[in-house]
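Structure assessment
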Amino acid sequence: MPSGRGEPTETRTRDRAQWRLEVDRIACAGSGLCLATAHGRLRLDAGRARAVAELTDPDARVIDAAEICPMEAITVSDARTGEIIAPQQ
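Remember, predicted model here, so these are calculated numbers, not experimental data. (Residues numbered from 1 in each chain as written. Predicted model: local features only at pLDDT ≥ 70, side-chain atom pairs only at ≥ 80, totals over all residues. Heavy atoms only, no water.)

**Here's the deal with the sheet that holds strand S6 (residues 84–86)**
Condition: The criterion for strand pairing is that DSSP finds at least two bridges linking the strands in question. Strands here mean DSSP runs of E at least two residues long; helices mean DSSP runs of H or I at least four residues long; both are numbered from the N terminus.
Strand order in the open sheet formed by four strands is S4-S1-S5-S6, and the pairing between neighbours is antiparallel. Here the strands that pair on one side only, and so sit at the sheet edges, are strand S4 (55–56) and S6. Of the strand pairs in this sheet, strand S1 (residues 19–23) and S4 are connected by two bridges, and their pairing is antiparallel. Paired with Arg20 across the bridge in S4 is Leu55.

Here's what the structure looks like:
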């Protein structure tokens, strides 16, 4: 379906920046800090955090969740390049 600008919607979606949100479920302590920080992006599953979706739109709350994780179990990376965005090393 056209977007009104002459390009298909799926092309525009594919071209916009996306982040990959990963949780090391073995390292996760299940503190829930990340859930409160990035509400709607992470959920608890069997007492451990899990990303609601592997890819997400850029959002400072996702970075904050990765930075606040006491076990450093959350990684945010650029979906195109694989470059780690958070946590900062």
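Now that the structure has been shown, we can carry on.
**Concerning the nonpolar core**
Nonpolar side chains tend to gather and get buried jointly when the protein is soluble and globular. Test applied: Put simply, a nonpolar core is a bunch of buried Ala, Val, Leu, Ile, Met, Phe, Trp, Tyr and Cys residues held in one set by side-chain atoms that sit within 4.5 Å of each other. Relative accessibility decides the category of a residue: with a 1.4 Å probe and only protein chains considered, values under 20% of the type maximum give buried, values over 50% give exposed, and everything between is partly exposed. Any two residues having at least one pair of non-hydrogen atoms within 4.5 Å are treated as being in contact.
Leu21, Cys34, Leu42, Ile74 and Val76 are the most contacted members of the largest nonpolar core, which totals 19 residues. For this core, the secondary structure elements donating two or more residues are S1, helix H2 (33–37), strand S3 (48–51), helix H3 (60–68), strand S5 (74–78) and S6. Every residue in contact with Leu21, bar those within four places of it in the chain, is listed here: Arg41, Leu42, Ala51, Ala53, Glu54, Thr56, Val62, Ile74, Thr75 and Val76.

**Digging into the environment of Thr56**
The residue Thr56 is located in strand S4 in this model. Once the C-alpha coordinates of Thr56 and Asp78 are considered, the two residues, 22 residues apart in sequence, prove to be 9.9 Å apart. Beyond its immediate sequence surroundings of up to four residues, Thr56 is in contact with Gln18, Trp19, Leu21 and Arg41.

**Examining the confidence of the model for the protein**
Under the convention used in this document: Within a predicted model, pLDDT stands for the predictor's per-residue confidence, ranging from 0 to 100.
Looking at the protein as a whole, its pLDDT mean stands at 87, while 83% of the residues score no less than 70. Low pLDDT, under 50, characterises residues 1–13; the predicted model gives this stretch eight contacts beyond four residues in sequence or across chains.

**A few points about the pairing of S1**
Each regular strand shows side chains that alternate between the opposite faces of the sheet. Across the two faces of S1 the burial differs, with Trp19, Leu21 and Val23 buried and Arg20 and Glu22 not buried at all. The pairing of S1 with S5 spans five bridges and is classified as antiparallel. For Leu21, the partnering residue across the bridge sits in S5 and is Val76.

**Regarding the side chain of Asp59**
Where we set the bar: In protein, a polar contact requires one atom able to donate a hydrogen and another able to accept it; more generally it is a pair of N or O atoms within 3.5 Å, and residues adjacent in sequence count only if both atoms are side-chain atoms.
With respect to the element layout, Asp59 can be found in the loop between S4 and H3. You can call Asp59 buried: its relative accessible area is 13%. Within the local environment of Asp59, its side chain forms a polar contact with the side chain of Arg41, the two groups lying 3.1 Å apart. Reaching out from Asp59, the side chain makes a polar contact with the side chain of Arg61 at a distance of 2.6 Å.

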